[in-house]
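Chain by chain, the residues run as shown.
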Amino acid sequence: MARRALITGITGQDGSYLAEHLLGLGYEVWGLARGQANPRVSRMRKLLSDVQVVRGDLLDQGSLISAVERVQPDEVYNLGAISFVPMSWEQAELTAEVTGMGVLRMLEAIRVCSGVSRGGSSSGQIRFYQASSSEMFGQVSETPQTERTAFHPRSPYGVAKAYGHFLTQNYRESYGMFAVSGILFNHESPRRGAEFVTRKVSLGAARIKLGLATELRLGNLEARRDWGFAGDYVKAMHLMVQSGRPEDYVIGTGRMKSVRELVEAAFAAAGLDWERYVVTDQALHRPAEVDLLCADPKKARAQLGWEPHVSFDELVAMMVDADLRLLSTGHDPDDGSWS
Ligand code: NAP
Ligand code: F7E
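Now for a description of the structure that goes with this document. (Residues numbered from 1 in each chain as written. Chains lettered and ligands numbered in written order. Predicted model: local features only at pLDDT ≥ 70, side-chain atom pairs only at ≥ 80, totals over all residues. Heavy atoms only, no water.)

### A closer look at the nonpolar core
- Ranked by internal contacts, the top residues of the largest apolar core, which has 59 residues, are Ile7, Tyr77, Tyr129, Met240, Ile251 and Phe267.
- The two domains that each donate at least three residues to this core are domain 1 (4-187 + 228-251) and domain 2 (194-226 + 256-292 + 312-338).
- What Ile7 contacts, discounting residues up to four positions off in sequence, is Gly15, Leu18, Ala19, Leu22, Val29, Trp30, Gly31, Leu32, Tyr77 and Leu79.
- By size, the runner-up hydrophobic cluster in this structure holds 29 residues, among which are Val54, Val116, Ile126 and Tyr175. (Core = buried A, V, L, I, M, F, W, Y, C linked by side-chain atoms within 4.5 Å. Buried < 20%, exposed > 50% of the residue type's maximum accessible area, 1.4 Å probe, protein only. Domains from an automatic or database assignment. Contact = heavy atoms within 4.5 Å.)

This is the structure:
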């Protein structure tokens, strides 16, 4: 019988790539979707017609228990979150509830539905994946960052993710649950939300190229990130869940680029000189910045055989090409006016 996976955050970037990957492996895939008339759910259904939808919300414990009872999953991937860092200062309590407490609610739903008690064994149980984040490292104490690097989160989002991360470890230790966290560094794609910097830049360059805009306003150009391709990273999520022992892994490329280098590459891919169009705006700087993040993914390479295949330049070119094609059809994605 096909293995059954339940994915929270199915309407997000990673949810779509993970669902495609698991369907390709022969899984029966269920996505948890929230809201009464959520337009992202109908868009997701068009893109992923083979995914079955179950209603539920990370804010609602009962709905998660019902979802797990109905789907009877072998594996649960908890990707649902408020994931945009600037929003976490403006709605810190909501971020704590969804991104932090949502992990507790999902773990409890699994624990209750599979009848796990203290000191239980992980055999025959639902396997759980938690989407942890490099934002937990925040103000980094060493570079590159490994599974052993200390956390110093710099935003309410990073703090909420650290709670979810430790709780996942705690449920593993307390109940013997097969619960793992992937500490993923920034990963992007043409499906990335328009509020995140890579997509804001690829859309900005494409708009300027097509005469739809004359400038692009950005915040801190000196921040450095380890950017990879989301399609590569969801494969690591699946590998972690198949592993013989539940452990946490850092996933990234091991290479850093600045926002300035991202802008240069994206505008060059569109045949433009970025310095003529990019304007920096103090209002887009964060109350507390994460200056740099760079992964050491050695453990994932050695134990899971995982490695990224898409380079930074290929990723940027892929995103700019996709946005040039998208805008040429007359469709311009909303950035939610965060930027
Ligand atoms: P994303 O595109 O922002 O997707 C977030 C998802 O969470 C959406 O499907 C959203 O559903 C859902 N969600 C929000 N509030 C919810 C609630 N109350 N109940 C249930 N679902 C809810 O994020 P992503 O880039 O795919 O990232 C996936 C996960 O990995 C997130 O947990 C993120 O924090 C984490 N992460 C991402 C990165 C990265 O670079 N992309 C790196 C490290 C960790 P709606 O459509 O209903 O809003
Ligand atoms: O910012 C700088 C900004 O919003 C990256 C999420 O997926 O990855 C993501 O978090 C950098 C920051 O991603 C603008 O200050 C400059 O230093 O694309 P971002 P993020 O905050 O790193 C982590 C791993 C996650 O877990 C999160 O869920 O770019 N930057 N100018 C800007 N950023 C934005 N958004 N907009 C600007 O105009």
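Anyway, onward from the coordinates.
### With respect to the packing of aromatic side chains
- In total, this model carries ten aromatic pairs according to the counting rule given.
- For the ring pair Phe84 and Phe196, a centre distance of 5.3 Å and an interplane angle of 80 degrees mean the geometry is edge-to-face. Separated by 112 residues along the polypeptide, Phe84 in the loop between β4 (75-78) and α4 (85-90) and Phe196 in the loop between β7 (187-188) and α7 (197-209) bring together distant segments of the chain. Here Phe84 matches Phe196 in class, with each residue buried.
- Three or more aromatic residues joined by ring pairs make a cluster, and in this case those are Phe137, Phe151, Phe166 and Phe185.
- Sitting above the plane of the Tyr175 ring, Arg111 keeps its charged end 5.1 Å from the centroid. (Phe/Tyr/Trp six-rings, centres within 6.5 Å; stacked < 30°, edge-to-face > 60°. Helix = DSSP H or I, 4+ residues; strand = E, 2+ residues; numbered from the N terminus. Lys NZ or Arg CZ within 6 Å of the ring centre and 35° of its normal.)

### Overview of the packing of helix α3 (residues 61-71) against helix α5 (residues 92-113)
- Running from N to C, α3 and α5 cross one another at 45 degrees; their axes reach a closest spacing of 9 Å. When the axis of α3 is compared with that of α5, the two are oblique. The handedness of the crossing between α3 and α5 is right-handed. On α5, the residues touching Gln61, Leu64, Ile65, Val68 and Glu69 of α3 are Arg105, Met106, Glu108, Ala109 and Cys113.
- In terms of residue class, the contact of α3 with α5 is built from six nonpolar, one polar and three charged. (Axes fitted to C-alpha atoms, helices over the stretch in contact; angles between N-to-C directions. Parallel < 35°, antiparallel > 145°, perpendicular 65-115°, else oblique. Left-handed = near helix turned anticlockwise from the far one by under 90°. Nonpolar A, V, L, I, M, F, W, Y, C, P; charged D, E, K, R; others polar.)

### Considerations on a positive patch on the surface
- Together, Arg34, Arg40, Arg43 and Lys46 line one region of the surface with positive charge.
- Secondary-structure assignment places Arg40 in helix α2 (residues 39-47). (Patch = residues over 30% accessible without salt bridge, like charges linked within 9 Å, V, L, I, M, F, W, Y side chains within 5 Å. Areas by Shrake-Rupley, 256 points an atom, 1.4 Å probe, with all protein chains shown as cover. Salt bridge = Lys/Arg side-chain N within 4 Å of Asp/Glu carboxyl O. Lys, Arg positive; Asp, Glu negative; His and termini not counted. Charge placed at Lys NZ, Arg CZ, Asp CG, Glu CD.)

### Notes on the site of ligand 2
- Residues in contact with ligand 2 amount to 23 residues; listed here are only the nearest, Ser83, Ser133, Tyr157, Arg286 and Glu289.
- Surface burial for ligand 2 is 95%, taken as the share of its 700 Å² of free accessible area covered by protein chains.
- The residue makeup of the shell around ligand 2, split by class, is ten nonpolar, six polar and seven charged.
- There are two domains that each give the shell around ligand 2 at least three residues, and those are domain 1 (4-187 + 228-251) and domain 2 (194-226 + 256-292 + 312-338). (Near = heavy atom within 4 Å.)

### Section: the pairing of strand β6 (residues 179-184)
- In terms of burial, β6 is largely enclosed, as six of its six residues are buried.
- Alternating residues of β6 divide into Ala179, Ser181 and Ile183 and Val180, Gly182 and Leu184, and every residue in both groups is buried.
- Bridge count for strand β5 (residues 127-133) against β6 is six bridges, and the pairing is parallel. Opposite Ala131, over in β6, you have Gly182 as the bridge partner.
- The handedness of the β5 to β6 crossover, carried by helix α6 (residues 156-175), is right-handed.
- Pairing between β6 and strand β11 (residues 249-251): three bridges, direction parallel. Each residue of the ladder has a partner; that of Ile183, found in β11, is Val250. (Pairing = 2+ DSSP bridges. Right-handed = clockwise from strand over helix to strand, strands pointing away.)

### Section: unusual backbone geometry
- Going from Thr143 to Pro144, the amide bond is cis rather than trans, its omega being 0 degrees.
- With respect to the helices, strands and loops of the structure, Pro144 is situated in the loop between β5 and α6.
- The phi dihedral of Gln72 is positive, around 50 degrees, even though this residue is not glycine.
- Along the chain, the position of Gln72 falls in the loop between α3 and β4.

### Notes on the site of ligand 1
- Surveying the vicinity of ligand 1 reveals 26 residues, the closest of which are Thr11, Arg34, Asn38, Ser83 and Tyr157.
- Between ligand 1 and Arg34, the relevant distance is 2.7 Å, taken from an oxygen atom to a side-chain nitrogen or oxygen of the residue.
- Between ligand 1 and Leu58 there is a distance of 2.9 Å, counted from a nitrogen atom to a backbone nitrogen or oxygen.
- When ligand 1 is considered free in solution it has 890 Å² of accessible area, and contact with the protein chains removes 93% of it.
- Of all the secondary structure elements, the ones that give two or more residues to the shell around ligand 1 are α1 (13-24), β5 and α6.
- Considering each element in turn, the shell around ligand 1 owes the most residues, three residues, to β5. (Polar contact = N/O pair within 3.5 Å; in protein donor to acceptor, adjacent residues only side chain to side chain.)

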